[in-house]
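Observations on chain architecture
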Amino acid sequence: MFKHSIIFLIHGLLIVSSETPESCPTIKSRSQWSARESTSHNYLINPLPYVIIHHTVTPECNTFSSCSSRVRNIQDYHMDEFQWSDVGFSFFVGGDGNIYEGVGWTEEGAHTYRWNKKSIGVAFIGSYQAKNASEKMINAAHKLIECGIQLGMLRPNVKIIGASQVSSTKSPGEKLFQQIQQWSEWESDP
Ligand SMILES: *[C@@H]1O[C@H](CO)[C@@H](O)[C@H](O)[C@H]1NC(C)=O
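Residues numbered from 1 in each chain as written. Predicted model: local features only at pLDDT ≥ 70, side-chain atom pairs only at ≥ 80, totals over all residues.

1. Quick look at the overall build of the protein chain
Summing up its helical and strand segments, the protein chain has 4 helices and 6 strands in all. Its helices and strands taken in sequence order, the protein chain reads α-β-β-α-β-β-β-α-β-α from the N to the C terminus. A globule of 190 residues ought to have a C-alpha radius of gyration of about 16 Å, and the protein chain, at 17 Å, matches this closely. Projecting the C-alpha coordinates of the protein chain onto the three principal axes gives extents of approximately 65 × 35 × 30 Å. (Helix = DSSP H or I, 4+ residues; strand = E, 2+ residues; numbered from the N terminus. Rg over C-alpha atoms; globule rule 2.2 N^0.38 Å.)

The following block contains the structure:
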């Protein structure tokens, strides 16, 4: 009887932990976009208090194949030109409405000087200085944040900021910066 309930409990836990919360957007894994292996690992302390929004300042993409290729190019650039251990961003938002996993929820990225240990960096693929990001991309990014809270990767009171608020950059672009200010999680005074 006792043995039975332990087996039942273990089964229950396995089922719970393998379930993806409903709030999660489609996240294309590293293997799906054919990522290179990371050359070293630095782990974050989750749940994290901040999400920092960037743009990639590359051409946009609108299909799984073109977005995957964009992300691969950015990873190559970060690893080969900057000698980083992996792509710098935690996640990407594609114009196809999918999220692409960079270093993910648990590994430290290289996206925002002095903020990498306390945040994840989410990069919108494209350039949003003079053009709004599409509704599809905005919704996918916002869902990713809700998903991170549900997974226990982000604090329930997580604050969202634009990279330009904490470093000398135009990222995520003037238009996208205005768009993220519509989110209730946006923080004006990080
Ligand atoms: C761009 O986004 C802003 C919100 O930041 C909105 O007020 C504006 O109408 C949008 N412009 C277009 C052309 O969709």
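2. Observations concerning the UniProt feature "domain: N-acetylmuramoyl-L-alanine amidase" (unreviewed entry) in the protein chain
Residues given the UniProt feature "domain: N-acetylmuramoyl-L-alanine amidase" (unreviewed entry) here are residues 34-173. A helix fraction of 24% and a strand fraction of 21% characterise residues 34-173, whose end C-alpha atoms lie 28 Å from each other. (UniProt positions renumbered as here; feature names shortened; annotations may be inferred.)

3. Details of unusual backbone geometry
Geometrically, the link from Asn46 to Pro47 is a cis peptide bond, its omega value of 0 degrees lying close to zero. If you trace the backbone, Pro47 turns up in the loop between β1 (27-28) and β2 (48-55). Residues other than glycine seldom take positive phi values, yet Ser34 does so here, at roughly 60 degrees. Relative to the elements of secondary structure, Ser34 occurs in the loop between β1 and β2. Judged by the 11 C-beta atoms lying within 10 Å of it, Ser34 is exposed. The phi angle at Val57 is positive, at roughly 55 degrees, despite the residue not being glycine. (Buried ≥ 20, exposed ≤ 12 C-beta atoms within 10 Å, placed from the backbone.)

4. Digging into the environment of Ser68
Turning to its location among the elements, Ser68 is positioned in helix α2 (residues 64-81). By the C-beta count within 10 Å, which is 21 here, Ser68 ends up buried. Through-space distance from the C-alpha of Ser68 to that of Asn157 is 31 Å; in sequence the pair is 89 residues apart.

5. Side note on the environment of Ile180
Structurally, the position occupied by Ile180 is in helix α4 (residues 174-180). Between the C-alpha atoms of Ile180 and Lys28, which are 152 residues apart in sequence, the distance is 23 Å. Contact partners of Ile180, with chain neighbours within four places excluded, come to Ile53, Ile160, Gly162 and Trp186. (Contact = placed C-beta atoms within 7 Å.)

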